[in-house]
Amino acid sequence: MTRTVPTADTSSTPPAGSPRDSRRLVVISVDAMSVVDVPFARTLPNFSRVLAGSWGSAEAIYPTVTYPNHTSQTTARTAAGHGIYANELVQPGSRRPDWFWDARAIAAPTIFDLAAAQGLTSATVGWPVTGWSPSIDIAVPEIWDPAGLEATLAVLRDAASERGRAYVDAHAAEIGWDSKHRFGQFNTAVAVDMIRTDAPDVLFVHLVDVDSARHTTGRFTPEVREAFERVDGWIGEILDALEESGVAEDANVAIVSDHGHVEVGRCLRANNLLVQEGLVRLDDSGEVASWDAWVHGCGLTGQLHLNPEAEESAQDRVLDLVDRWVADPEIPIAAFHPLADMREDYGYSGPFLGVLEGTSGTNFQNLWEGRSLYGRFDDDYTFLLSQHGHLPEQDIQAVFAMVGPDIVEGGKFSRCTVPDEAATFAHLLGLQFPEADGAAVSEILREPALSLAR
Ligand SMILES: [Zn+2]
């Protein structure tokens, strides 16, 4: 059974004569694909279609987690510029904080804003931080409610654009739900239907299966291989839809990713340590009653927050405590990086004192109950086996690949950054960001962008 969305009212079709109006852009994010996965991906029938163009290594922004990096891919800014400084909102005392689902939290113009201003139509499927977007014509965002499928569908419909809602309704049956949401098949079906029905000029799609498999089974397991094979089939469906719709010759297609993975050796509940120090206080039922300091887990690092309403002496107390943590070999915190250093070194900023870096493979959890430390050999270790959120220069890097009429065939480059990808996309569409922390990757362009040389 294949349901599709009825053709749209075409009265909103953009006027002819918009810049590069014969060019389309399709960006497929294979979450957590790394550059060392490329030799295997080239053996798969559809990854190889994109990798036949140009590819290379892409350094993520800090934090090396999904939402900040996907926002760099649409803004060409680091987190200090676009404001999405973590996956999750900071909600001390919440076991499942909301994520940065709302596009209105992005502090910089997105490629969708620029596209709309030039009369180009844009669509997104499962792309992070696109809920309630003011500028995406057809947005089916990534958003869920841990309460279940029905609640997820309700919030997904609410966060989608009006035209996106029709796609949610047509394909809702393809959302998978076991212990949590599974959007891969749904996102692919929606993207294929969008290409056939609305043919947007700009389409961004996010596929998460490889990342999910790595988190739960490890970096290079049979399950990760199966996830790659599944994602390869989905990429094939999208590429075939472009061909069958007669637009493949005009479409530059990218595969991007957002971070690598590091094997987890232990989980640290730094907020449990803050409870022991009296800097987080619990009520009789063990819930957080009040807090002076809070560590917001960001995978393999954590942001150190100070409650703006805490007494003046709290900051010194907290910073002194952190110094002791770094000095104590029993606490797996390698370093504390003050915010000013993070801004200087990584273009990172946010409402906190700085960043705690774990020793390699230390995963920060927000939780405060139980013990402060859970090691992989502990009988009650039931957590992630692989994680990211480390500093960007560490470990294996993300990948950036493109193929299409404006892209060199058989090209390779050694290193770009994730904000460079967004600048490349803008260049290919004849758009320009007013401010950017990246530049177009000129090595992959058939007509080098002389004025944009990196
Ligand atoms: Zn990710």
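Residues numbered from 1 in each chain as written. Predicted model: local features only at pLDDT ≥ 70, side-chain atom pairs only at ≥ 80, totals over all residues.

The name given to the protein chain in an unreviewed UniProt entry is Alkaline phosphatase family protein, with the source organism recorded as Brachybacterium tyrofermentans.

Along the backbone of the protein chain there are 14 helices and 21 strands. Taking 22 Å as the expected radius of gyration for a compact globule of 454 residues, we find that the protein chain reaches 22 Å, a close match to that expectation. Overall size of the protein chain, expressed as C-alpha extent along the three principal axes, is 65 × 50 × 45 Å. Looking at the protein chain residue by residue over its 454 residues, the buried ones come to 50%. In the protein chain, the share of contacts with a sequence separation of at least 24, taken over all contacts with a separation of at least 6, comes to 70%. (Helix = DSSP H or I, 4+ residues; strand = E, 2+ residues; numbered from the N terminus. Rg over C-alpha atoms; globule rule 2.2 N^0.38 Å. Buried ≥ 20, exposed ≤ 12 C-beta atoms within 10 Å, placed from the backbone. Contact = placed C-beta atoms within 7 Å.)

Of all six residues making up strand β7 (residues 202-207), six are buried, and the element is well covered by its neighbours. Side chains Val-202, Phe-204 and His-206 of β7 all project onto a buried face; the interleaved residues Leu-203, Val-205 and Leu-207 project onto the opposite face, where all are buried too. Both strand β1 (residues 24-30) and β7 contribute to a ladder of six bridges, which runs parallel. By the bridge assignment for β7, Ile-28 is matched with Val-205. (Pairing = 2+ DSSP bridges.)

So, about the pairing of strand β8 (residues 251-256). Along a regular strand, successive side chains alternate from one face of the sheet to the other. In terms of burial, β8 is largely enclosed, as six of its six residues are buried. Residues of β8 alternate between two faces, with Ala-251, Val-253 and Ile-255 on one and Asn-252, Ala-254 and Val-256 on the opposite face, all of them buried. Bridge count between β1 and β8: six bridges; the pairing is parallel. For Ser-29, the partnering residue across the bridge sits in β8 and is Val-256. Examined bridge by bridge, β8 and strand β20 (residues 398-403) share four bridges and lie antiparallel to one another. Opposite Val-253, over in β20, you have Val-403 as the bridge partner.

So, on to the packing of helix α8 (residues 184-197) against helix α10 (residues 222-244). As a packed pair, α8 and α10 sit with axes 8 Å apart at the nearest point and diverge in direction by 10°. Judged by the angle between their axes, α8 and α10 are roughly parallel. Here Gly-184, Thr-188, Ala-191, Val-192, Ile-195 and Arg-196 of α8 come into contact with α10, specifically with Arg-230, Trp-234, Glu-237, Ile-238, Ala-241 and Leu-242. (Axes fitted to C-alpha atoms, helices over the stretch in contact; angles between N-to-C directions. Parallel < 35°, antiparallel > 145°, perpendicular 65-115°, else oblique.)

Next up on the list: the domain arrangement of the protein chain. What the domain assignment reports for the protein chain is domain 1 (24-262 + 394-452) and domain 2 (265-383). Centre-to-centre separation of domain 1 and domain 2, based on C-alpha positions: 30 Å. Taken together, the contact pairs 16 residues of domain 1 with 21 residues of domain 2. Among the elements that line the side of domain 1 that touches domain 2, the one with the most residues is helix α4 (residues 79-82), at three residues. (Domains from an automatic or database assignment.)

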